[in-house]
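Overview (structure and organization)
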Amino acid sequence: DQITSAIFTIIIIFLSGLGWTLSFYFYGVHKKTIPDMVWWIPEFLQMAKCRCGKIVESNYGKILGISNSFWGIWYYLALIILSVCNYFLSYPSFTSILILSIISFLFSIYLMWGLYSLKIICRTCLGVHVINMIIMAVAIIRMII
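Sequence order as written defines residue numbering, which begins from 1 separately in each chain. Local features in this predicted model are restricted to residues of pLDDT 70 or higher, and side-chain atom pairs are both shown and tallied only at a pLDDT of 80 or more, whereas totals for entire chains, interfaces and linings draw on every residue. Note that water and hydrogens are dropped before the side-chain values are worked out from all heavy atoms of the structure.

**Details of helix H5 (residues 123-144)**
Counted only if it meets this: Here a strand is any run of E in DSSP of at least two residues, a helix any run of H or I of at least four, and the numbering for each starts at the N terminus. The span expected for a helix works out to 1.5 Å for each residue beyond the first. Note on exposure labels: buried denotes an accessible area under 20% of the residue type's maximum, exposed denotes more than 50%, and partly exposed covers the range between, all computed with a 1.4 Å probe on protein chains only. When checking whether two residues touch, look at their non-hydrogen atoms; a contact exists if any pair is within 4.5 Å.
Given a rise of 1.5 Å per residue, 22 residues ought to cover 32 Å, and the 31 Å separating the end C-alpha atoms of H5 matches this to within 8%. Considered for burial, the residues of H5 that qualify are Thr 124, Cys 125, Gly 127, Val 128, His 129, Ile 131, Asn 132, Ile 135, Met 136, Val 138, Ala 139 and Arg 142. Among the structural elements, helix H1 (2-30), helix H2 (52-56), helix H3 (68-89) and helix H4 (94-118) are those in contact with the buried residues of H5.

**Details of the nonpolar core**
Definition in use: By convention a nonpolar core is built from buried Ala, Val, Leu, Ile, Met, Phe, Trp, Tyr and Cys residues, the set being connected through side-chain atoms within 4.5 Å.
Tyr 25, Phe 26, Ile 55 and Cys 122 are the most contacted members of the largest nonpolar core, which totals 33 residues. Counting only elements with at least two residues in this core, the list comes to H1, H2, H3, H4 and H5. Looking at this core element by element, the count peaks at seven residues for H1. Once residues within four sequence positions are removed from consideration, Tyr 25 is found in contact with Ile 34, Pro 35, Asp 36, Met 37, Val 38, Trp 40, Ile 41, Leu 45, Gln 46, Met 47 and Thr 124.

**Digging into the packing of aromatic side chains**
Here a ring pair, both rings aromatic, is described through the centre-centre distance and the interplanar angle of the planes. Stated formally: Side-chain rings of Phe, Tyr and Trp, where Trp is taken by its six-membered ring, are said to pair if the distance between their centres is within 6.5 Å; with planes under 30 degrees apart they count as stacked, over 60 as edge-to-face, and otherwise as tilted.
In total, this model carries 10 aromatic pairs according to the counting rule given. Between Trp 20 and Phe 24, the aromatic rings sit 4.9 Å apart at their centres with planes inclined by 10 degrees, giving stacked as the arrangement. In this pair, Trp 20 and Phe 24 both sit in helix H1, four residues apart, roughly one turn of the helix. Exposure remark for Trp 20: the relative accessible area of 29% places this residue in the partly exposed category.

**Looking at the packing of H4 against H5**
Going by this rule: Fitted lines through C-alpha atoms give the axes, limited to the stretch in contact for helices. The angle between two N-to-C directions lies from 0 to 180 degrees. Any angle between 65 and 115 degrees counts as roughly perpendicular, while under 35 counts as roughly parallel, over 145 as roughly antiparallel, and the rest as oblique. Note on convention: the crossing is left-handed when the near helix lies turned anticlockwise from the far helix by less than a right angle, right-handed when the turn is clockwise. Side-chain classes follow a simple rule in which Ala, Val, Leu, Ile, Met, Phe, Trp, Tyr, Cys and Pro form the nonpolar group, Asp, Glu, Lys and Arg form the charged group, and the remainder, Gly included, forms the polar group.
One way to put it is that H4 packs onto H5 with a least axis distance of 8 Å and a crossing angle of 150 degrees. Comparing their axes, H5 and H4 come out roughly antiparallel. Note on packing geometry: the crossing formed by H4 with H5 is left-handed. Across from Phe 94, Thr 95, Leu 98, Ser 101, Ile 102, Ser 104, Phe 105, Ser 108, Leu 111, Met 112 and Leu 115 in H4, the residues of H5 making contact are Cys 125, Leu 126, His 129, Asn 132, Met 133, Ile 135, Met 136, Ala 139, Ile 140, Arg 142 and Met 143. Split into classes, the residues belonging to the contact of H4 with H5 amount to 15 nonpolar, six polar and one charged.

**Observations regarding a nonpolar patch on the surface**
In plain terms, the rule: A patch is a set of surface residues, each over 30% in relative accessible area and not in a salt bridge, joined within 9 Å for like charges and within 5 Å for the nonpolar side chains Val, Leu, Ile, Met, Phe, Trp and Tyr. All accessible-area figures derive from a Shrake-Rupley calculation using a 1.4 Å probe, and residue coverage is judged against the displayed protein chains alone. Should a side-chain nitrogen of Lys or Arg be within 4 Å of a carboxyl oxygen of Asp or Glu, the pair is scored as a salt bridge.
A cluster of nonpolar side chains, Ile 102, Leu 106, Ile 109, Met 112, Ile 121 and Leu 126, forms an exposed patch at the surface whose accessible area comes to about 510 Å². Ranked by residues supplied to the nonpolar patch, first place goes to H4 with four residues. Inspection of the secondary structure assignment puts Leu 126 in helix H5. For Leu 126, a relative accessible area of 35% gives the class partly exposed.

Pasting the structure below:
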């Protein structure tokens, strides 16, 4: 029904907003346009005491030579736009959101393997991967209901 659809849309938009914020923060810190300690990111997710920059310099840290966090900024923005369009216009179908979330989660698994292989604990990265997992779970539940 309409209320259930609205609730799932709000949850996905909220989680995408969190993912966007973490991606924006990570990208800004890596590019040195944002300090690693900021008030708007919870302290346990900040990059101040991590070796997060090492992941960007590895084979796991880039797609087409560009930081994963850059692509994350656009992924979450696209997910927000798709969710809004799906809710208000019924286009594209929710299946497209589900497929994107599954692809993103599979990529997160690959990147978590990269963190493990490099012996790096990046709390910001892990936060994004958890968000991707929750978005996928919400999308799956939304499709089942």
